[in-house]
Amino acid sequence: MANAASGMAVHDECKLKFLELKAKRTYRFIVFKIEEKQKQVVVEKVGEPTESYEDFTSSLPADECRYAVYDFDFVTEENCQKSRIFFIAWSPDTSRVRSKMIYASSKDRFKRELDGIQIELQATDPTEMGLDVIRSRAS
């Protein structure tokens, strides 16, 4: 288990699931949660490849911070099928200040554990990570 700078460990399952998403495309998304009592980042939910972006956004709690990885498929103007792996730091305005601080201080270290992230987004409300935002950042 890797140790994050803020004292948060990263559970091995986080890296394993991310590798499966990246290499085998086993999942569409992964939602990660910091377990404050155990002082570690764990996998909270994985989304099947058939799940939509709406399924992903609805799996993020409205008033709690989370990290998430989303594998976004799109077609370029040249009609090429492409994919981008997004890292999303979800920190809603309504979440606890302590929670925001813990997620903010652990983010960079956790992100380094997930080798292969292409685009990072920080979102404090759903409009900051809407599908239109994802599309514009992907291309």
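Going by the structure above, here's the rest.
First, a word on what this report is: a plain description of the structure on this page. (Residues numbered from 1 in each chain as written. Predicted model: local features only at pLDDT ≥ 70, side-chain atom pairs only at ≥ 80, totals over all residues. Heavy atoms only, no water.)

Topic: helix 1 (residues 12-24)
Then, in step 1: Relative to the 18 Å expected for 13 residues at 1.5 Å per residue, helix 1 spans 18 Å between its end C-alpha atoms, a close match to the ideal helical length.
Then, in step 2: Every buried residue of helix 1 is accounted for by Cys14, Lys17, Phe18 and Leu21. Down the axis of helix 1, the buried side of the element spans an arc of 100 degrees, and every buried residue falls inside it. More than 90 degrees from the buried face of helix 1, the exposed residues found are Leu16, Ala23 and Lys24. (Helix = DSSP H or I, 4+ residues; strand = E, 2+ residues; numbered from the N terminus. Expected span 1.5 Å × (residues − 1). Buried < 20%, exposed > 50% of the residue type's maximum accessible area, 1.4 Å probe, protein only. Arc of directions from axis to C-beta.)

Digging into the pattern of salt bridges
Where charged atoms of side chains with opposite charge meet at close range, the side chains can pair.
Then, in step 1: Summed over all chains, the structure comprises 13 salt bridges.
Then, in step 2: Here glutamate 44 makes a salt bridge to arginine 66, at a shortest N to O gap of 2.8 Å. With glutamate 44 in strand 4 (residues 40-47) and arginine 66 in strand 5 (residues 66-75), this pair connects stretches of sequence that are 22 residues apart. (Salt bridge = Lys/Arg side-chain N within 4 Å of Asp/Glu carboxyl O.)

Side note on helix 3 (residues 97-113)
Then, in step 1: Compared with the 24 Å implied by 1.5 Å per residue over 17 residues, the 25 Å span of helix 3 between its first and last C-alpha is a close match.
Then, in step 2: At lysine 107, helix 3 shows its maximal bend, which comes to roughly 50 degrees.
Then, in step 3: Among the residues of helix 3, those classed as buried are Ser99, Ile102, Tyr103, Ser106, Lys107, Arg109, Phe110 and Glu113. (Bend = angle between axes of the 7 residues up to and from the residue.)

Topic: unusual backbone geometry
Then, in step 1: Positive phi, close to 55 degrees, is recorded for arginine 25, a residue that is not glycine.
Then, in step 2: Tracing the chain through its elements places arginine 25 in the loop between helix 1 and strand 3 (29-35).
Then, in step 3: The backbone of asparagine 79 shows a phi angle near 70 degrees, a positive value even though the residue is not glycine.
Then, in step 4: Structurally, asparagine 79 is set in the loop between strand 5 and strand 6 (81-90).
Then, in step 5: On the accessibility criterion, asparagine 79 (65% relative accessible area) is exposed.

Observations concerning the nonpolar core
Then, in step 1: Counting 21 residues, the largest nonpolar core has Phe32, Tyr67, Val69 and Phe110 as its most contacted members.
Then, in step 2: Elements with a contribution of two residues or more to this core: helix 1, strand 3, strand 4, strand 5, strand 6 and helix 3.
Then, in step 3: Counting 18 residues, the second-largest nonpolar core is a separate cluster that includes Phe74, Ile88, Ile119 and Leu121. (Core = buried A, V, L, I, M, F, W, Y, C linked by side-chain atoms within 4.5 Å.)

None of this, on its own, says anything about what the molecule does.
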